[in-house]
Amino acid sequence: AAPTRVFAFRDARWAPDPVLAPSAAVRSPQPAPLVIDNGSFQTRAGWGCPDPTVPAEPLLRFRSLAARSRGARGGAGAETQVGNDLGSPEPLRWLLRSPFDRNVPVQLELQELLLDHVFQRLGVSSQGCVDHPIVLTEAVCNPLYSRQMMSELLFECYQVPKVSYGVDSLYSFYHNRRQKWPCSGLVICSGYQCTHILPVLEGRLDAKNCKRINLGGCQAAVYLQRLLQLKYPGHFAAITLSRMEEILHEHSYIAEDYIEELQKWRCPEYYENNVHKMQLPFSNKLLGSTLTSEEKQEKRQQQLRRLQELNARRREEKLQLDQERLDRLLYVQELLEDGQVDQFHKALVELNMDSAEELQSYINKLSVSVEQTKQKILQSEVNIEVDVVDSKPETPDLDPLGSEQSLEDMESINEFEPLFVEEQPEVEKPVAAVQPVFNLAEYHQLFLGTERIRAPEIVFQPSLIGEDQAGIAETMQYVLERYSKEQQAVLVQNVFLTGGNMMYPGLKARVQKELLEMRPFQSSFQVHLASSPVLDAWYGARDWAVEYMNREEGWITRKDYEEKGGEYLKEHCASNVYVPIRLPKQAARAAEAAAPSRTLASGSGEQG
């Protein structure tokens, strides 16, 4: 028999980050660097301190998201929540905002919220500034404008003493180096929004031959969500992005041969042995199926008590309204008795009445109605039976609003009439006789078959979701062909896989198969997976910060920022290549513009 593969969604809630008390070692003998892996999916932060009392791991890990509420009705102002303080992203999905466009931070207001969260929760206690050096990751070939805004934020807003920028995948490569540094290799990094192919020669990034694929874990989750919503339209709302990410992380894998794997799934036996059933939450309570006669009687008594309270409240409201109307009519009648005829006639017109006799008739009817209502209220206090209000109107209403209210009252009372029908004695049926016509638990299950391999396959075949891009294999071959055969042989000896989207089972074997197909016969290559594809970028940044803490290499000081601008970058082994902005010389332009004017001026002087 096939093993039962039913998995429940964890739907884990994020626990708010505590405010940590920093160790004294991060302040003395000098402020320790603060290492921040600023990823589009998750932000990781911790201290780059060689002291053994300081944890050598990220102390904060939270989603790079912020949500601003509209404020409570009681007058409280809008509240902004960041990262793990959100609890769960699904109820706030339409309010969530990210500072990233793809993998480049562009919304500096939101980026400031994330940095505020980091500094506050790590316990940075310096007044008016952050006096720790900052090591921050950035995108491959980061636009100068984005770096300029980030440097402006760090130096102008937080008054940091110095900052260093590096590429997350190169930090991971630096942390996992297997040879003596500097070494060469081909880094393949796939994250939440993008996938990069980065050639590294002698420890430095060859930025001219870097390639990016605009696909990552986010697109895979959206694709999987669409597949399952089309397959199970009855559970459209329950198929959320958070659950799709859980499926990708725990139940998906990369097929070594995609077409061959699809052929395997056509076999019913293979399907039964490998399908994963995801159990959605559901309620198994069916109306009338498990209630005994005592429970039914108790439920009926509760409904009767609620109806008694409803009737008593409506009688009191009706008595108050009728009393107010009667007082008003008596006041109009007193105007006639006092001889104020003009005011009396104006009041009759307002009441839509023609004569004093009609007024007296309404007063008599309202008086009778008020007395009857008072009697019913007194009787209801001593009588436990429910008095059903007579469907016929006791008195004519004086305005259309009152008639609408009484009609609504009668309709709402009539809704409860089936509750008071005397129950006919019947033989109680056994509970087992009432059973659902289908398995309710199985109806709320998502069967994951080929979806387990179709969603992560998009990084190798972007055409599956209609993207006109090359996959990892084609892009890797294109990058390698831009080098000589000797350089290609050096690069493929160290193919390095890193990034959160590289953690699928079978991905390393798939890359090896693709390399085997594109490399010459009997040539050798080696593929390595990062020891921790998600966290190695932070570990590598920490290694660099500890090693270069007291050096000037790679650090941008405030003096550099003021002299050379926010886009300035000091290169190091894990950084981008700095390409300064080359603006045309203004003096040359001014000279060219002045030359024709001097010619015209001299020509006019000769003519004169």
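As recorded by an unreviewed UniProt entry, the protein chain carries the name Actin-related protein 5 and is attributed to Tachuris rubrigastra. We quote the UniProt Subcellular location (unreviewed entry) comment for the protein chain here in full: "Nucleus". Turning to the protein chain, the UniProt annotation filed under Sequence similarities (unreviewed entry) states: "Belongs to the actin family. ARP5 subfamily."

(A) Expanded view of the packing of aromatic side chains. Counted by the stated rule, this structure contains 10 aromatic pairs. For the pair Phe-41 and Tyr-192, a centre-to-centre distance of 4.8 Å together with 50° between the ring planes defines the contact as tilted. Remark: Tyr-192 occurs in the loop between strand S12 (185-190) and strand S13 (195-201) and Phe-41 occurs in the loop between strand S2 (34-38) and strand S3 (42-47); sequence separation between them is 151 residues. By relative accessible area, which is 18% here, Tyr-192 ends up buried. Ring geometry for Trp-538 versus Tyr-539: centroids 5.7 Å apart, planes at 75°, classification edge-to-face. Lys-162 extends its terminal NZ or CZ atom over the ring of Trp-555, reaching a point 4.7 Å from the ring centre. Sitting over the ring of Tyr-548, Arg-551 keeps its end group 4.5 Å from the ring centre.

(B) Quick peek at the sheet that holds strand S7 (residues 96-97). An order of S6-S5-S7 is seen for the 3 strands of this open sheet, with the pairing classed as antiparallel. Of all strands in the sheet, those bounded by a partner on one side alone are strand S6 (80-82) and S7. The sheet contacts of helix H1 (residues 108-121) involve strand S5 (66-68), S6 and S7, and relative to S6 the element is tilted by about 65°.

(C) How the structure looks around the pattern of salt bridges. Within this structure, the stated rule accounts for 21 salt bridges. Note that Lys-318 and Asp-322 form a salt bridge whose closest N and O atoms lie 3.0 Å from each other. On the criterion of helical spacing, the pair formed by Lys-318 and Asp-322 is a turn pair, its members being 4 residues apart in helix H8 (residues 293-337). Exposure remark for Asp-322: the relative accessible area of 3% places this residue in the buried category. Members of the salt-bridge network, linked through shared partners, are Arg-10, Glu-246 and Glu-250.

(D) Seen up close, helix H5 (residues 241-251). Taken together, the buried positions of H5 are occupied by Arg-243, Met-244, Glu-245, Glu-246, Ile-247, Leu-248 and His-251. At its buried positions, H5 is contacted by strand S1 (6-8), strand S4 (60-63), helix H4 (217-231), strand S16 (276-279), strand S17 (445-448) and helix H13 (451-454).

(E) How the structure looks around the packing of helix H3 (residues 168-175) against helix H17 (residues 536-547). Axis separation between H3 and H17 bottoms out at 7 Å; the angle between their running directions is 75°. It follows that H3 is roughly perpendicular to H17 by the angle criterion. Of the residues in H17, those in contact with Asp-168, Tyr-171, Ser-172, Tyr-174 and His-175 of H3 are Asp-536, Ala-537, Tyr-539, Gly-540, Ala-541, Asp-543, Trp-544 and Glu-547.

What counts, and where the lines are drawn
Residues numbered from 1 in each chain as written. Predicted model: local features only at pLDDT ≥ 70, side-chain atom pairs only at ≥ 80, totals over all residues. Heavy atoms only, no water. UniProt positions renumbered as here; feature names shortened; annotations may be inferred. Phe/Tyr/Trp six-rings, centres within 6.5 Å; stacked < 30°, edge-to-face > 60°. Helix = DSSP H or I, 4+ residues; strand = E, 2+ residues; numbered from the N terminus. Buried < 20%, exposed > 50% of the residue type's maximum accessible area, 1.4 Å probe, protein only. Lys NZ or Arg CZ within 6 Å of the ring centre and 35° of its normal. Pairing = 2+ DSSP bridges. Contact = heavy atoms within 4.5 Å. Axes fitted to C-alpha atoms, helices over the stretch in contact; angles between N-to-C directions. Salt bridge = Lys/Arg side-chain N within 4 Å of Asp/Glu carboxyl O. Parallel < 35°, antiparallel > 145°, perpendicular 65-115°, else oblique.

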